[in-house]
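# Secondary and tertiary structure notes
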Amino acid sequence: MSNFKSNKLTKEVVLRDPVHDYIHIEDQVILDLLTTKEFQRMRRIKQLGPIAYVFPGATHTRFEHNAGVYELTRRICNIFAEKYPTKTPNDGLWDDNNRLLVECAGLLHDIGHGPYSHTFEHLFGTDHEKIGQKIITDPHTEVNQVLRQVAPNFPELVASVIAKTYPNPQVVKLISSQADADRMDYLKRDAYFTGVTYGEFDLSRILQEIRPYSGGICFTMSGMHAAEDYIVSRYQMYQQVYFHRVGRSMEVILQHLLERAKIVYQQGVLQVTPELANFLADNWSLNDYLKLDDGVMETNFSMWTESTDPILADLANRYLFRKPLSSVCIDAETKNLLPKLKDLIKQAGFDPTYYTDTNSAFDEPYDAYKPTGKNANSQIEIMQDDGQLIELSQLSPLVRALNGTLQGDERFFFPKIMMSNSAEPQIFDPLYQQFQRYIKNGTLRYLRKPKK
Ligand code: ZN
């Protein structure tokens, strides 16, 4: 590990931030990274995408989240350097020579995200992690040019921290683990901007009780309840915000809108801006990707509201003017009813390919705290007074109760008009009534129990 030289600013620069109060910038390289065009671009990409249709305050961007992760990383480095400085190599304590590297990795950890990343990746095969690595290591980007001024191999090292291949687990886990600076920032920030109180947890206490050890980072015994509180608030954010049925419905519309655009584009009749056209033609470059943002996407959607293709025009209107699809809960058994329902929807005049979908909450890009089992990722560990590490759910009955019980539902989405009732007379009234018989209390049901 070499000691990366950072030119300290003669006077620190501060950004005012509603979540962390101030973001302190002490190094020239951090300030230079903030001003690159790849980083500035994140001002134009909303952190939560379509969730802003449910929580209107949630229009915060990837820019402030990345800056927030940098700030938390910086604060944790301060605490580690003060309380747990390394004395001899491999003593499991913190080597502050890693600071600039981990701060840069925190700042750039989401640099590869584009607009509506989740939906976009699904459709165009883009991968925000790979693109992030490319933005950092490609000599043509401004980010790369700034990082190279620290050392010729510095961009590759920053990329390796984000890719979790850097050999020091403390450095990697500060950015990606169950209690990393990334999650701590987005939970607090998303709670603040959605206006919910579920995401509240005691961050200052967490920062007091976090510590390094040879295998990564953990909490002291007196931080157990703060760690527990953090897991509970995370659970509630998933249930109330990230898995919200209307947010998922808007995501379904967005996905079908882009799918339809692809087809209309192939027919040669789509009005589209050049950078998005290259994605629809499956022939895009990093440069095209960097030109995309929410505004470019919305400009295209706005043009499409007047498309001669009725499905494209309708979906664009539904997306831009927030007309979500309705949805019901389904399970393995009631899934068998979907062909019947789709047929009724078709009779009502909607192409089921574009106006229906199923979506599981677990498809969302957020994960539960699950210390064991198939999808286990890094655990949260509590260090006992004798130095022994115990996984959090072994100590906390509350976390144990939540383990693996994240209530993710699977839903079937369909046009809202199918639920209209006789108080609103419609020509298809009997059709709607037939459809509605299958739905009770927001759940799909059999009219008669199927024979086993
Ligand atoms: Zn992030």
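Residues numbered from 1 in each chain as written. Predicted model: local features only at pLDDT ≥ 70, side-chain atom pairs only at ≥ 80, totals over all residues. Heavy atoms only, no water.

Judged by nonpolar contacts, the single largest core of 135 residues is most densely connected at Leu108, Phe154, Val158, Tyr242 and Trp304. Among residues more than four places away in sequence, those in contact with Val158 are Leu101, Cys104, Ala105, Leu108, Ile136 and Leu147. (Core = buried A, V, L, I, M, F, W, Y, C linked by side-chain atoms within 4.5 Å. Buried < 20%, exposed > 50% of the residue type's maximum accessible area, 1.4 Å probe, protein only. Contact = heavy atoms within 4.5 Å.)

This next bit is on empty space enclosed by the protein. Picture a little ball the size of a water molecule; that probe, rolled over the atoms, points out where space is still empty. For the coordinates displayed, the defined rule picks out two cavities of 30 Å³ or more. The volume enclosed by the second largest cavity comes to roughly 40 Å³. Contributing to the lining of the second largest cavity are Leu108, His109, Ile111, His128, Glu129, Gly132, Gln133, Ile136 and Ile162. When residues in the lining of the second largest cavity are grouped by element, the largest group, five residues, is from helix α6 (residues 128–137). Among the residues making up the lining of the second largest cavity, the classes are represented as four nonpolar, four polar and one charged. (1 Å grid on protein atoms, 1.4 Å probe; cavity = no way out; pocket = protein on both sides within 12 Å on 5 of 7 lines; lining within 4 Å. Points joined across faces, edges and corners; volume = space filled by probe spheres on them. Helix = DSSP H or I, 4+ residues; strand = E, 2+ residues; numbered from the N terminus. Nonpolar A, V, L, I, M, F, W, Y, C, P; charged D, E, K, R; others polar.)

We now examine a positive patch on the surface. A contiguous patch of positive charge, built from Lys340, Arg437, Lys440, Arg445 and Arg448, is present on the exposed surface. Residue position: Lys340 is located in helix α18 (residues 338–347). (Patch = residues over 30% accessible without salt bridge, like charges linked within 9 Å, V, L, I, M, F, W, Y side chains within 5 Å. Areas by Shrake-Rupley, 256 points an atom, 1.4 Å probe, with all protein chains shown as cover. Salt bridge = Lys/Arg side-chain N within 4 Å of Asp/Glu carboxyl O. Lys, Arg positive; Asp, Glu negative; His and termini not counted. Charge placed at Lys NZ, Arg CZ, Asp CG, Glu CD.)

Across six bridges, strand β1 (residues 8–17) lies against strand β2 (residues 21–27) in antiparallel orientation. If you follow Arg16 over to β2, its bridge partner there is Tyr22. Taking the residues between adjacent antiparallel strands as the criterion, β1 and β2 are bridged by three residues. (Pairing = 2+ DSSP bridges.)

Turning next to the pattern of salt bridges. Applying the stated criterion across every chain, the model contains 21 salt bridges. Across the salt bridge formed by Glu26 and Arg74, the nearest N and O atoms sit 3.2 Å from each other. In this pair, Glu26 is assigned in strand β2 and Arg74 in helix α3 (residues 62–83), connecting sequence segments 48 residues apart. One salt bridge connects Glu103 with Arg99, and the closest N-O pair in it is separated by 3.3 Å. Highlighted residues: Glu103 and Arg99, both in helix α4 (residues 99–108), separated by four residues, approximately one helical turn. Here Glu103 matches Arg99 in class, with each residue buried. Each member of the salt-bridge network shares a partner with another, and the members are Glu26, Glu71, Arg74 and Arg75.

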